[in-house]
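Now for the letters of each chain:
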Amino acid sequence: MDYKKIIAEKLTVEGVSKEELYSFIEVPPNTDMGDYALPCFKLSKIMRRPPVVIAQNFADAFVPDEYILSCTAINGYLNFKINRQGYADALLKNIINSGDSYGASNIGEGKTVCIDYSSINIAKPFHIGHLSTTVIGSALCKIFRFLGYKVVGINHLGDYGTQFGKLIVAFKRWSSFDAVKEGRLKELSRIYVKYHDEAKLDPKMDDEARHYFKLIEDGDKEASELFELFKKITLEEVDKIYKLLNVTFDSYAGESFYNDKMAPVVEELKEKGLLKISDGASIVDLEEYGMPPCLILKSDGSTLYATRDIAAALYRKNTYDFDKCLYVVAYQQNLHFKQFFKVLELMGKDWAKDMVHVSYGMVSLESGSMSTRSGNVVLLEDVINKTIEKARAVIEDKNPNLPDKDKIAKSVGTGAVIFGALCNNKIKDITFSYDKVLSFEGETCPYVQYTVARCNSVIAKCGEYEGYKNIEMNDSEYAVISELGRFSEVVKAAAEKYEPSFVTRYALDLATAFNKFYIDCKIAVEDAEVKNFRLAITKAVKITLTNALTLLGIETVEQM
Ligand code: ARG
């Protein structure tokens with residue numbers, strides 16, 4: 001039951017649609033005065049009257065019904081009191097019946113969203129810098145799916161470029177199949193770093209690297225096999241991390257996938273008169289739009305990052321016919337996306353407006369918390385493992401008799417990393433701190449997971465919920481009900497703004513409301529009506545928190 005909708009239906013304002021009215025209605029921070037409020041200053045321009053007068057006129061004309069009990073005007077606000085009992089009853093029934101689909105919707109039915117995320121570089125270490133794109137992208141995939149969209153999660157692999165020629169040179173000089181099998185990605189990083197040190201002293205190595213890269217492009221057997229080996233090892237290694245983080249992809253079509261799909265793009269740009277030669281390179285001039293040119297071909301005819309992205313966008317449109325195509329990539333690449341979206345627009349692709357760069361801030365590690373390895377980067381795997389280890393130590397300290405300690409430590413540790421990365425508005429830079437993400441107090445995953453475990457123990461103690469008659473609700477109870485009712489709106493807003501942190505914040509708010517209720521209201525009381533009502537709240541909180549965490553890729557634990 002959507003009370004905002006019911007309220008919007010009851011009010012008529014000439015020149016303002018019901019949808020608009022709906023969007024003006026809010027839940028006041030303090031529900032003493034009312035459960036919903038309409039700030040009338042939003043209407044004063046169109047109604048040409050002061051907010052206080054508008055509010056009073058509405059209040060005077062208001063007719064209560066079974067849903068909305070009263071409406072009063074206070075300081076230019078219209079405050080509505082709803083039938084809390086009726087609302088709570090319908091909501092709790094809905095949540096308990098819907099279970100893991102509570103909050104889901106079909107607003108996305110028939111629509112497709114492509115989400116380009118994680119998009120790692122082959123043979124490069126998977127470092128902490130990849131955390132945000134991976135968990136933001138994965139959460140967006142889950143959120144859009146929950147809303148009924150068809151989602152295509154794409155790992156646009158960085159698997160093209162002279163660096164693979166360099167890696168072959170390095171492999172031949174300083175490594176072996178055995179060493180790579182043994183050392184995996186760390187070995188590849190080691191020799192890649194060594195290459196750069198040595199090539200400074202011996203510039204001929206770069207010629208050799210170019211030669212090998214050309215061999216890969218030409219499909220030479222040995223070179224291609226080595227390249228495929230590097231790719232296989234990288235994907236196997238990152239897959240371990242993806243599994244931990246509950247991340248999956250529908251496509252791994254990376255940069256090299258577009259090798260044979262760029263000639264037509266260059267042709268089309270030429271035909272449309274968009275290509276210019278500048279210093280031997282082919283560019284699209286974007287000066288008119290206040291941007292540097294977009295490079296399409298180098299002077300030797302080779303293609304660039306942007307060329308591949310344009311080809312990939314055309315391919316995605318043709319293959320998936322997306323309604324939106326998202327790129328979850330750090331703000332360092334803001335210009336690149338602006339440029340290539342503009343090129344698509346200039347090519348006359350009206351769907352260029354559906355391309356979205358979901359930009360986010362940097363993650364760094366609290367200084368001194370970990371020594372850097374393999375060429376000055378902090379490996380994501382090390383961060384996750386260290387968090388799991390620390391979680392394990394906390395459990396050992398606080399609850400040593402817990403069954404399944406390893407499994408719980410894994411869920412708590414990885415959850416803490418994901419939640420920590422999704423806790424704030426995505427564009428903010430984050431400093432990752434082990435102690436902060438693992439704390440049981442404050443805005444953390446353990447706090448939310450602990451709340452779910454608390455719900456479980458209440459349910460285990462009191463038995464299953466058996467239904468109740470309408471009861472008089474106190475404020476702590478209603479505060480939980482009011483939070484519970486917000487979930488679907490939060491999920492929709494998270495999709496609309498590409499902001500998984502809305503779901504994270506929501507989980508914290510709901511957990512806080514529940515924990516206050518838990519302290520204020522005894523659940524296992526004599527009165528069966530009251531007990532069952534409180535048990536129903538507890539069960540609904542467990543379901544809703546679990547659904548919220550699942551959307552973020554975080555597991556809940558039975559006990560903690
Ligand atoms: N591999 C790139 C990097 O690490 C990110 C690719 C993002 N996706 C894209 N379609 N450009 O910088």
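Predicted model only: the values in this text are computed from it and were never measured.

Definitions and cut-offs
Positions within a chain are numbered from 1, following the residues in the order the chain's sequence is written. Only residues with pLDDT of at least 70 are given local features in this predicted model, and only at 80 or more are side-chain atom pairs given and counted; all residues enter the totals for whole chains, interfaces and linings. Processing note: side-chain calculations cover all non-hydrogen atoms of the structure and skip hydrogens and water entirely. Accessibility here uses a 1.4 Å probe with only protein chains present; expressed as a share of the type maximum, an area under 20% marks a residue as buried, one over 50% as exposed, and anything in between as partly exposed. Labels follow the DSSP assignment, with helices taken as runs of H or I lasting at least four residues and strands as runs of E lasting at least two, numbered in each case from the N terminus. Note: two strands are recorded as paired if DSSP finds a minimum of 2 bridges between them. Handedness of a crossover is defined as follows: with both strands directed away from the viewer, a clockwise route from the first strand across the helix to the second makes it right-handed. Helix axes use the C-alpha atoms of the stretch in contact, all axes being lines fitted to C-alpha atoms, and the angles between their N-to-C directions lie in the range 0 to 180 degrees. Take a side-chain nitrogen of Lys or Arg and a carboxyl oxygen of Asp or Glu: if they are within 4 Å of each other, that pair is a salt bridge. What makes a crossing left-handed is the near helix being turned counterclockwise from the far one by less than a right angle; a clockwise turn instead makes it right-handed. Any two residues whose heavy atoms approach within 4.5 Å at even a single point are treated as in contact. Classification convention: Asp, Glu, Lys, Arg as charged; Ala, Val, Leu, Ile, Met, Phe, Trp, Tyr, Cys, Pro as nonpolar; all other residues, Gly among them, as polar. Planes of paired rings set the category: under 30 degrees apart is stacked, over 60 is edge-to-face and the rest tilted, where pairs are Phe, Tyr or Trp rings (Trp by its six-membered ring) whose centres lie within 6.5 Å. Working rule: Lys NZ or Arg CZ, within 6 Å of ring centre, within 35 degrees of ring normal, means a charge sits over the ring. Residue count minus one, scaled by 1.5 Å, sets the expected span of a helix. Directions are taken from the helix axis to each C-beta atom, and the arc is the one they span. Whether a residue is near a molecule or strand depends on its heavy atoms: it is near if one of them lies within 4 Å of it. Polar contact is the term for a pair of N or O atoms within 3.5 Å; when the atoms are in protein, one must be able to donate a hydrogen and the other to accept it, and sequence-neighboring residues count only if both atoms are side-chain atoms. Residue burial considers only the protein chains on display, and all accessible areas are found by Shrake-Rupley using a 1.4 Å probe. Within this scheme a cavity is a closed region of a 1 Å grid, computed over the protein atoms alone, that accommodates a 1.4 Å probe without allowing it to escape, whereas a pocket is open but has protein on both sides within 12 Å along at least five of seven lines; lining residues each have an atom within 4 Å of a point. Any molecule with more than half of its atoms within 2 Å of a cavity's or pocket's grid points is counted as sitting in it.

A. A look at the pairing of strand β9 (residues 324-330). The buried count for β9 comes to six of seven residues, which makes it a mostly enclosed element. Two strands pair when backbone bridges link them, and strand β4 (residues 112-116) and β9 are joined in this way by four bridges, in the parallel orientation. Residue pairing in the sheet places V113 in a bridge with K324 of β9. Relative to strand β10 (residues 355-360), β9 runs parallel, the two sharing six bridges. Opposite V328, over in β10, you have V358 as the bridge partner. Viewed along the sheet, the connection from β9 through helix α13 (residues 334-346) into β10 turns out right-handed.

B. Region of the structure containing the sheet that holds β4. The parallel open sheet is built from four strands, whose spatial order is β5-β4-β9-β10. Because the sheet does not close on itself, it has two edges, and the strands there are β5 (150-154) and β10. Adjacent strand axes in the sheet meet at a mean angle of 20° when their direction is disregarded.

C. Structural view of the pattern of salt bridges. Tallied over the full model, the rule gives 39 salt bridges. K4 serves as the salt-bridge partner of E489, at 3.0 Å between the closest nitrogen and oxygen. Of this pair, E489 sits in helix α19 (residues 487-496) while K4 is found in helix α1 (residues 3-10), placing the two residues 485 residues apart along the sequence. D202 serves as the salt-bridge partner of R173, at 4.0 Å between the closest nitrogen and oxygen. Highlighted residues: R173 in helix α7 (residues 163-174) and D202 in the loop between α8 (177-201) and α9 (204-218), separated in sequence by 29 residues. R173 gets classed as partly exposed once you look at its relative accessible area, which sits at 37%. Counted as one network, the salt bridges with shared partners bring together R184, K232, E236, E237 and K240.

D. Up close: the packing of helix α18 (residues 475-484) against helix α21 (residues 528-552). In contact at an axis separation of 11 Å, α18 and α21 are set at 35° when each is read in the N-to-C sense. Crossing angle aside, the handedness with which α18 passes α21 is left-handed. Residue-level inspection shows E477, V480, I481 and L484 of α18 in contact with α21, the latter providing F533, R534, I537, A540, V541 and T544. Classifying every residue of the contact of α18 with α21 gives seven nonpolar, one polar and two charged.

E. Spatial organisation of the packing of aromatic side chains. Per the counting criterion, the structure on display carries 31 aromatic pairs. Measuring from ring centre to ring centre gives 5.0 Å for F164 and F227, while their planes differ by 75°; the resulting arrangement is edge-to-face. Of this pair, F164 sits in helix α7 while F227 is found in helix α10 (residues 221-244), placing the two residues 63 residues apart along the sequence. F227 carries the same exposure label as F164, and that label is buried. Clustering of aromatic rings is evident, with ring pairs tying together Y117, F126, Y242, F249 and Y252. Over the face of the ring belonging to Y160 we find R308, whose NZ or CZ atom lies 3.2 Å from the ring centre.

F. Representation of α9 in the model. Taking 1.5 Å of rise per residue, 15 residues should cover 21 Å, and α9 covers 21 Å from first to last C-alpha, within 8% of that figure. All of the buried residues in α9 are M205, A209, Y212, F213 and I216. Down the axis of α9, the sector holding all buried residues measures 105°, keeping them to one side. The exposed residues of α9 that point more than 90 degrees off its buried face are K204 and D218. Those residues of α9 that are buried are in contact with α7, α8 and α10. At the C-terminal side of α9, G219 shows a positive phi close to 80°.

G. Geometry of the site of the ligand. Around the ligand, the neighbouring residues are D116, S119, N121, H156, Y305, D309, Y327, V329, Q333 and F337. Backbone polar atom of S119 to a nitrogen atom of the ligand: 2.9 Å apart, as the coordinates give it. Contact distances for the ligand include 2.8 Å between a nitrogen atom and a side-chain N or O atom of N121. The protein chains hide 85% of the 350 Å² of surface that the ligand would expose on its own. In this structure, the ligand is accommodated by the second largest pocket. Secondary-structure elements contributing two or more residues to the shell around the ligand are α12 (305-320) and β9. Considered class by class, the residues forming the shell around the ligand number four nonpolar, four polar and two charged.

H. Structural detail: helix α11 (residues 263-271). Within α11, the full set of buried residues consists of V265, V266, E268 and L269. For α11, the angular spread of the buried residues around the axis is 160°, confining them to a single face. Exposed and oriented more than 90 degrees from the buried face of α11 are A263, P264 and E271.

I. Spatial organisation of the sheet that holds strand β1 (residues 36-39). Pairing is antiparallel in the open sheet, where three strands are placed in the order β1-β3-β2. Each end of this open sheet is capped by a strand with a single partner; those strands are β1 and β2 (68-74). On average, each strand axis in the sheet is inclined to that of its neighbour by 20°, with strand direction left out of account. In this structure, β2 lies alongside strand β3 (residues 77-82), joined through six bridges in antiparallel fashion. Note on β3: the bridge partner recorded for C71 is F80. Sheet contacts for α1: β1, β2 and β3; angle to β2, the most-contacted strand, approximately 70°. Each of β2 and β3 touches helix α4 (residues 51-61); the most contacted strand, β2, lies at about 150° to it.

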